[in-house]
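Residue-level structure breakdown
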Amino acid sequence: MVFNFSCFRKMVMKRMRILVASIVLLNLLFTNLVVFADQNYSTTIEKNDLKNQALTYMENSVLNQTSPNNEENNSNKILNKKIIVIDPGHGGSNPGATQYGMRESDNNLSVGLKLKKLLENSGAKVIMTRETDRSVAEEGVQLKQELQARVDLVDVNNADVFISIHSNANENADVHGVMTFYYNDISKRLAVDIQKSLIEFTEATDKGTEKENFYVLRNNKIPAVLVEMGFITNKSEAIKLNDDVYRNALVNGLYNGIVNYFNELNIE
Ligand SMILES: [Zn+2]
């Protein structure tokens, strides 16, 4: 067989054109699919399924240790360089409330550490009063000194807000729900924003906000709140408080409450 070079070249060129056309076509198709998937994703979020939103968000920003998506980053620029003290209640020889083999201090610490990661991903500077199971002041000192050691971190770090995290207890095992305490007028809005957001994300019973004379609140010069995430004396709430998915919902509630608070301040 005689090799016809011209014919071969034509054939190669034809195949090349087909190949290029196929690549262009596939590329277009793929882009459309991505856009379509993206739109579907947006619609899902718009449906405001808060639990899914919380989970998706945690997957994006905490569990995978990556930054939140661009949209979240833009809306949360407000946290950039904000100084936030997170105070996981109790610790060390003081476990706080205990029930069903659960210690309040462990719940508080777990949620506090998750919240720290989320806030830092948005550029906030986070000061933890404790990051392990320990007291903040030296073990054995009076409770007042232990609590003052927590408040002292506000002044030392020139913080913007103080968030104390607790789990509640009651003699009546039926009592359940989330509540947020504040002491002075400068703290009320922060309490309201956090409480509202916590209820949105957890769908827990809303026990509202209340003025309360707690040491860490009344001795704070900056907006300060104390969150009671739920009652460990109520069995179903205790199970939730021990559950990682529910803790993530609490963290998202706290996080969004803080973001909303700073956004509102910025508008004024
Ligand atoms: Zn407590």
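1. As for the sheet that holds strand β8 (residues 224–231)
Pairing is mixed across the open sheet formed by six strands, whose spatial order is β4-β1-β5-β8-β6-β7. Edge strands, defined here as strands with exactly one partner in the open sheet, are β4 (125–128) and β7 (206–211). Direction aside, the axes of adjacent strands within the sheet are offset by 20° on average. Here strand β1 (residues 83–88) pairs with β4 via four bridges, running parallel. Paired with Ile83 across the bridge in β4 is Lys125.

2. Side note on the packing of helix α4 (residues 104–121) against helix α9 (residues 244–267)
Packing of α4 against α9 leaves a shortest axis separation of 9 Å and a crossing angle of 50°. Here α4 lies oblique to α9, going by the angle between them. In this structure, α4 crosses over α9, and the sense of that crossing is right-handed. Seen from α4, the contacting residues are Ser110, Val111, Lys114, Leu115, Leu118 and Leu119; seen from α9, they are Arg247, Asn248, Leu250, Val251, Leu254 and Tyr255. Looking at the contact of α4 with α9 residue by residue, the class counts come to eight nonpolar, two polar and two charged.

3. Thoughts on helix α5 (residues 143–157)
Taking 1.5 Å as the rise per residue, α5 with 15 residues should run 21 Å; its terminal C-alpha atoms sit 22 Å apart, in good agreement. Largest kink in α5: about 25°, centred on Arg150. Looking at α5, one finds that the buried residues are Glu146, Leu147, Arg150, Val151 and Val154. In this structure, the buried residues of α5 make contact with β1, β5 (161–168) and α7 (215–218).

4. A few points about the packing of helix α6 (residues 185–202) against α9
The N-to-C vectors of α6 and α9 enclose an angle of 140°; their axes lie 7 Å apart at closest approach. The way α6 lies across α9 gives a crossing that is right-handed. Two secondary-structure elements touch here, α6 through Arg189, Leu190, Asp193, Ile194, Lys196, Ser197, Leu198, Glu200, Phe201 and Thr202 and α9 through Tyr246, Ala249, Leu250, Asn252, Gly253, Leu254, Asn256, Gly257, Ile258, Asn260, Tyr261 and Glu264. Across the contact of α6 with α9, the residue classes tally to ten nonpolar, seven polar and five charged.

5. Some remarks on the pairing of β7
In the sheet, strand β6 (residues 178–182) pairs with β7 via four bridges, with the strands oriented parallel. Looking at β7, one finds that Val178 is bridged to Asp206. Between β6 and its parallel partner β7, the chain crosses via α6, and the hand of that crossover is right-handed.

6. Points about unusual backbone geometry
Despite not being glycine, Lys81 has its phi angle at roughly 70°, a positive value. Along the polypeptide, Lys81 turns up in the loop between α3 (70–75) and β1. The backbone of Asn158 shows a phi angle near 50°, a positive value even though the residue is not glycine. With 10 C-beta atoms packed within 10 Å, Asn158 lands in the exposed category.

Procedures and definitions
Residues numbered from 1 in each chain as written. Predicted model: local features only at pLDDT ≥ 70, side-chain atom pairs only at ≥ 80, totals over all residues. Pairing = 2+ DSSP bridges. Helix = DSSP H or I, 4+ residues; strand = E, 2+ residues; numbered from the N terminus. Axes fitted to C-alpha atoms, helices over the stretch in contact; angles between N-to-C directions. Parallel < 35°, antiparallel > 145°, perpendicular 65-115°, else oblique. Left-handed = near helix turned anticlockwise from the far one by under 90°. Contact = placed C-beta atoms within 7 Å. Nonpolar A, V, L, I, M, F, W, Y, C, P; charged D, E, K, R; others polar. Expected span 1.5 Å × (residues − 1). Bend = angle between axes of the 7 residues up to and from the residue. Buried ≥ 20, exposed ≤ 12 C-beta atoms within 10 Å, placed from the backbone. Right-handed = clockwise from strand over helix to strand, strands pointing away.

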